[in-house]
Every structure is written in structure tokens, then in C-alpha cells.
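Commentary on secondary and tertiary structure
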Amino acid sequence: MAARFLLAVALALLLRPGEASVHEYSGLSFANKGNAFILHAGSEGLYAASPANATAEDDEDAAAVADAFIRFDKIIFRRPEDATDSVKETSSAKVQVLVFEIEDREMIGGSAYGGQKAICCTSDLAKLGACTEGSVIYRPSQINPGWPKLFVASFDGSDLIATLPSRTIPITKTGMYNMYFIHCDPLLGSLEIEGKTIWKNPTGYLPGRMAPLKNFFGLMSLAFVVLGIYWFYQYMKSWREVLPLQNCITLVITLGMFEMALWYFEYAEFNETGVRPKGITFWAVTFGTVKRTAAEVIVLIVSMGYGVVTPTLGGLTSKVVMLGGTFFLATEILELVENLGAVNDLSGKARLFLVYPVAILDAAFVIWIFISLAKTIGKLQARRLMAKLDIYRRFAIALIVSVLVSVGWIGYEIYFKSTDVFNERWQCAWIIPAFWHVLSFSLLCVICYLWAPSQNSTRFSYDANKFFDRKDNLSLIRPAPSASKNGWSLSSAPPEAKTTKSVNTVTDFDGDDEENKRE
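An unreviewed UniProt entry lists the protein under the name GOST seven transmembrane domain-containing protein, from Paspalum notatum var. saurae. In its Subcellular location (unreviewed entry) section, UniProt records this for the protein: "Membrane".

If you want it as C-alpha cells, here you go:
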């Protein structure tokens, strides 16, 4: 059932328009805000073009020579055929396209006599000579001459279609640019739009806030290759001594290599075409989710002492699998929606509906990990397995540091997003997702260092016949059998029985008989 649900979500997202620098408009509707009807057409961080390549706005070949631009491509507004005759005969019916840099947002809108701010010019403002009634209110920017920019597509008489001429706007100032389609006529409420706009940076079609991630994933791919070479070298050198836990770590490293490589190729393709390659994105998300789930499960079973204190997880296996499967499902849906869906269309409540389950399951993993780790360290202390205890203490320190850093970064992320409502710090936004990749990679490096394959790997594995390290063991001196005066042993038990009894005595000393029986 869960697999079918996940497949349905994936197919729905693959078939719907996603985030892109080529923004296509189809089936979108205008929202009523104040006295205006508005459709958000795009918002992207754009870097300035070099002065030599900045061309005039009306030059049709500007896109071919400009480093950065916004281009309108065959945008058509269509009135429904059943529109009233009064609407068809209104020659002033028009749709306006407003493009502005976020610093100029205060230049948009106005009010008469200090009243409520309006987007469309009212009769009172028209009487003051501040604007033309029915038009969008804006004032020229003092910081960025020539901006904001306003373009108009008008319906002539009874025409049902208004076309916005194709044009290219060169970007000569680095900033976060916004585009809105606006009309001020309530009778145009069911207006339809078709066409697309193309946004380009000097280095390609990647949005400015995402552009640095391409190089970041390239570096992360290289880092995973270096880690993989080290790990596989150790693995092959000591392949006879490899533990099941080390096989799991090998799986995580392999998944990480595929994930980082797929993300790099996904961003490279996006940068070339302006549209996200949904197939590559889907597999990058899936490999990443599988890796994240596997890493969480491995940390949990390591904390439980699997392979070190106990040979199996016993009755906890099904619970671990259930938690891991639920975590995978919730994370996969969230990541698919965020990377394949139209992110800007998600309302706050809709996004929280997807984020909360992942956060709760992640917290469940953390709590269970630390509870299990405390129990495992306690057992190692009781058994005086000092070498294993040293490894687990270092592992615990790494986990504690990781959790503290994560909590601190979550606090910073909340502060960053709450104080940057208009995305003015878009050039630094890539650091937020990049940090989590670096943190998980760092923790993986620590685990690889602590549990690297070696000739002594079996020294850290579970052994039912001895509970002390060869290096740190205490000699259990077994008293010799008492002999009678005639040289015969006073004990009538055979040697095998004595040996068994001695082993059972050691087992009783550990105090974990019942647990081992359950397992």
C-alpha cells in the first residue's frame, strides 16, 4: 500500500510543471488582492550581465548576446467566449506585466490621502494626477534607473485574445527579480494565460540561489570518491575479517556516491536547458532518501551494540524496520514535492503537513539512538571491554556534537528564513541545504574511521564464548580438581561436563543470560 502511494505521488509530480528558469504558464488563475487581480509569474535571483553585453531592451537579438536576461516568449491572455458584451466592447481592458527588483518594492502601489495602499490606480488617485485610473501604480526607482518595468497587453474591442509582444530585458544589476501579471478589471476574473518567460544568469539557466550548488555537488562527489577509495582499499585488504556492519557502511558510501553524482548531473542539465530533468531529479532524491534512511538505521543498530555486544537485534528487528520504512516514505514524499513540485505554490500549512512527520520520525531515531547507546556503554563497562568501550565513547561524542550542531543550525535556519521574508539574502541561501550534506558526510567519515576494516576487525565483534578483549582481558583462574591421597580426582564428573559448567559460570558472571536466550 505504501509503495503504491509513493509511486502515485512520484508520477503526479513527474507530470506536473516543476521549478524552472523557463517558466511556463498554463491553467493558472489570478488571485484577488485588494483592488487588483494578481498572478505571480516568477521570482529569481539574477546576477548582472557584463556591461559590454548589456543591450537595449527593444533589441530582438538581446538574448543572443546578453549574459543575463528575462525574455517574454509568446504570452497570450484569453478571455472566455461567454464573456459579457460589455466586457468585449471595453477598449480599455488590459493586462499589465510588472517586473521589479526586490529593493524597489516600495515603488509599487500608492494611496490617496494616507488611506489603504492600492495596486491599481483608483479614481481618487487619478483626480490627484498621480496615475491613470485602471493602471498599476508605480514610481521610478532612484537606485536602479529604468526600473520597475511595466508592459501592457490590451484587448482591442471585442477581441478575445491579447498578446504580449516578445521582448528581452537585459539584467544590469544583481538582485532578486519578481514578475507579476496584473489586471484591474473585475470582469476579467476568469482570464486564461498561455506562454512562457525565460530567465538566464551569466553562467546558465540555474536560478541564482541554486547556481553555487552545482559546484558544491561536484566537490561532494569528489569527497565521496576519496572516502570510497580509502574504504574500499581497507575493505579489500582485510576482506576476510569484514563484519556485517562494515558491509552496511559500504552500502551507505556507495549510495552517497550515486546521490552526489546524480545531483551534480541534475544541476548541470538544469543549467543547460532551464528545465529540471525530472527523471534524474527523481533518482537523485530516491538515492539520497535511501542513503539517509540506511545511515539512520545503521547508527541505531550500532548504538544497540549489534555485532559487538549482541549478535542479533532479537525482537527489536521488526520495530527498527518499521521505523526505517516509515521514515523513508515520509522523507521521499517531502523531497519529491520540494524538488519536483511547484515549490512556490505550496502554502505554509501544506508544507508543514509534509515536514512535521519527517521531523517527528527523525526525533524518534535520535531518542532511540541515545537510549540504546547508553545501555550499550553500560554493558561494555560492566564487562570491562575497554577497547570496545573506547570506540563507543568516541562514537557517542561524535553523535552528541552532531546533534548539538544540528540543533544550532536549525535555530539559525529559522532565524535566516524569518528575517529574510523577501529573499534579499538569496546569494547565501544555498548554504542552508549544503550544510546538511556536509554534516552527514562528516559523521559518515567518523564512523568509517572508528569501524574501518582491518586485520583485527573480529576483535570488536560479538563472541559468545568470551566477553573480554584479548588485550584487556582478566585471567579467570580455574582451580585444578582436588586429588585424593591415592591420586584419584574427588570429582566424578567427566571433563566435558566440567568445561561446560565453567563456561556457564562465566556466562552467569555477565548477567545477560536471559537477554541472550531471548535473542
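Resuming the write-up.
**Details of the overall build of the protein**
The helix and strand inventory of the protein stands at 13 helices and ten strands. Expressed as a percentage of its 519 residues, the buried residues of the protein come to 44%. Put simply, of all contacts in the protein between residues at least 6 apart along the chain, 78% involve residues at least 24 apart. Element-wise, carbon and sulfur atoms account for 61% of the exposed surface of the protein, whose accessible area totals about 27,300 Å².

**Let's talk about the state of the cysteines**
The full count for this structure, using the stated rule, is two disulfides. Here Cys120 pairs with Cys184 through a disulfide, and the sulfurs are 1.9 Å apart. What sets the handedness of the Cys120 and Cys184 disulfide is the S-S torsion sign, and at about -85° it is left-handed. Here the residue Cys120 occupies a position in the loop between β5 (94-101) and α4 (123-127), and Cys184 occupies one in the loop between β9 (175-183) and β10 (192-200), the gap between them amounting to 64 residues. Taking relative accessible area as the criterion, Cys184 reaches 19% and is therefore assigned buried. When the bonded cysteines of the protein are counted from the start of the sequence, the pairing works out to 1-4, 2-3. With no disulfide of its own, Cys448 lies 6.3 Å from the sulfur of Cys445, the closest cysteine sulfur.

**Considerations on the packing of aromatic side chains**
Evaluation of the coordinates by the stated rule reveals 24 aromatic pairs. Between Phe395 and Trp451, the ring centres sit 5.3 Å apart and the planes meet at 90°, which makes this aromatic pair edge-to-face. Highlighted residues: Phe395 in helix α10 (residues 386-418) and Trp451 in the loop between α11 (431-450) and α12 (495-510), separated in sequence by 56 residues. Residue classification places Phe395 among the buried positions, given a relative accessible area of 0%. For the ring pair Phe435 and Trp436, a centre distance of 5.5 Å and an interplane angle of 75° mean the geometry is edge-to-face. Overall, the relative accessible area of 19% leaves Phe435 in the buried class. On the basis of relative accessible area, Trp436 is assigned to the partly exposed category, the value being 30%. Joined through ring pairs, the aromatic side chains of Phe216, Phe217, Trp263, Tyr267 and Trp430 make up one cluster. Above the plane of the ring of Phe422 lies Arg105, whose end atom (NZ or CZ) is 4.2 Å from the centre. Note that Arg425 overlies the ring of Phe416, its terminal NZ or CZ placed 4.8 Å from the centroid.

**A closer look at the pattern of salt bridges**
In total, this model carries ten salt bridges according to the counting rule given. Taken together, the salt bridges that share partners define one network made up of Glu101, Glu103 and Lys173.

**Notes on the nonpolar core**
Residues Phe395 and Trp451 are the most contacted members of the largest nonpolar core, which totals 67 residues. Elements that contribute at least two residues to this core include exactly α5 (211-237), α6 (244-273), α7 (278-303), α8 (317-340), α9 (348-383), α10 and α11. Not counting chain neighbours up to four residues away, the residues in contact with Trp451 comprise Trp231, Leu245, Gln246, Ile249, Val302, Ile391, Tyr392 and Phe395. Within the second largest apolar cluster, 31 residues are counted, among which are Tyr25, Phe37, Phe155 and Phe181.

**Some remarks on the packing of α6 against α7**
Viewed as axis vectors pointing N to C, α6 and α7 meet at an angle of 155°, and their least axial separation amounts to 8 Å. By the criterion of interaxial angle, the relationship of α6 to α7 is roughly antiparallel. When you trace α6 past α7, the crossing you get is left-handed. Counted by class, the contact of α6 with α7 contains 18 nonpolar, three polar and three charged residues.

**Things to note about the sheet that holds strand β2 (residues 31-33)**
Strand order in the open sheet made by the five strands is β2-β3-β9-β5-β6, with antiparallel pairing throughout. Since the sheet does not close on itself, it has two edges, and those belong to β2 and β6 (149-154), each with one partner. Geometrically, the sheet is characterised by an average inter-axis angle of 30° between neighbouring strands, direction not taken into account. Two strands pair when backbone bridges link them, and β5 and β9 are joined in this way by six bridges, in the antiparallel orientation.

**Some details on the UniProt feature "transmembrane region" (unreviewed entry) in the protein**
This chain's UniProt record puts "transmembrane region" (unreviewed entry) on residues 216-233, 245-265, 280-309, 316-334, 354-374, 395-414 and 434-452. Each end of residues 245-265 is marked by a C-alpha atom, and these two atoms are 31 Å apart; helix forms 100% of the span and strand 0%. Annotated as 95% helix and 0% strand, the span residues 316-334 places its first and last C-alpha atoms 27 Å apart.

**Here's the deal with the pairing of strand β3 (residues 36-46)**
In terms of burial, β3 is a largely internal element, ten of the eleven residues being buried. Direction of pairing for β2 relative to β3: antiparallel, over a ladder of three bridges. When the sheet's bridge partners are listed, Asn32 is paired in β3 with Phe37. Sheet topology places β3 next to β9; nine bridges connect them, and they run antiparallel. Across the sheet, the residue bridging to Leu46 is Gly175, located in β9.

**Digging into the side chain of Ser372**
Along the chain, the position of Ser372 falls in helix α9. Ser372 gets classed as buried once you look at its relative accessible area, which sits at 7%. Discounting chain neighbours no more than four positions away, the residues touching Ser372 are Leu300, Ser303 and Met304.

**Some remarks on the environment of Arg78**
Tracing the backbone through its elements, the reader meets Arg78 in strand β4 (residues 69-78). In the structure, Arg78 is positioned 82 residues away from Leu160 in sequence and 5.6 Å away in space, judged by C-alpha atoms. In this structure, Arg78 is in contact with Leu160, Ile161, Leu191, Glu192 and Glu194, ignoring residues within four places of it in sequence.

**Here we look at the environment of Ser29**
Here Ser29 lies in the loop between β1 (22-26) and β2. On the accessibility criterion, Ser29 (56% relative accessible area) is exposed. The spatial distance from the C-alpha of Ser29 to the C-alpha of Leu39 is 6.8 Å, given a sequence separation of ten residues.

Rules used throughout
Residues numbered from 1 in each chain as written. Predicted model: local features only at pLDDT ≥ 70, side-chain atom pairs only at ≥ 80, totals over all residues. Heavy atoms only, no water. UniProt positions renumbered as here; feature names shortened; annotations may be inferred. Helix = DSSP H or I, 4+ residues; strand = E, 2+ residues; numbered from the N terminus. Buried < 20%, exposed > 50% of the residue type's maximum accessible area, 1.4 Å probe, protein only. Contact = heavy atoms within 4.5 Å. Areas by Shrake-Rupley, 256 points an atom, 1.4 Å probe, with all protein chains shown as cover. Disulfide = S-S within 2.5 Å. Phe/Tyr/Trp six-rings, centres within 6.5 Å; stacked < 30°, edge-to-face > 60°. Lys NZ or Arg CZ within 6 Å of the ring centre and 35° of its normal. Salt bridge = Lys/Arg side-chain N within 4 Å of Asp/Glu carboxyl O. Core = buried A, V, L, I, M, F, W, Y, C linked by side-chain atoms within 4.5 Å. Axes fitted to C-alpha atoms, helices over the stretch in contact; angles between N-to-C directions. Parallel < 35°, antiparallel > 145°, perpendicular 65-115°, else oblique. Left-handed = near helix turned anticlockwise from the far one by under 90°. Nonpolar A, V, L, I, M, F, W, Y, C, P; charged D, E, K, R; others polar. Pairing = 2+ DSSP bridges.

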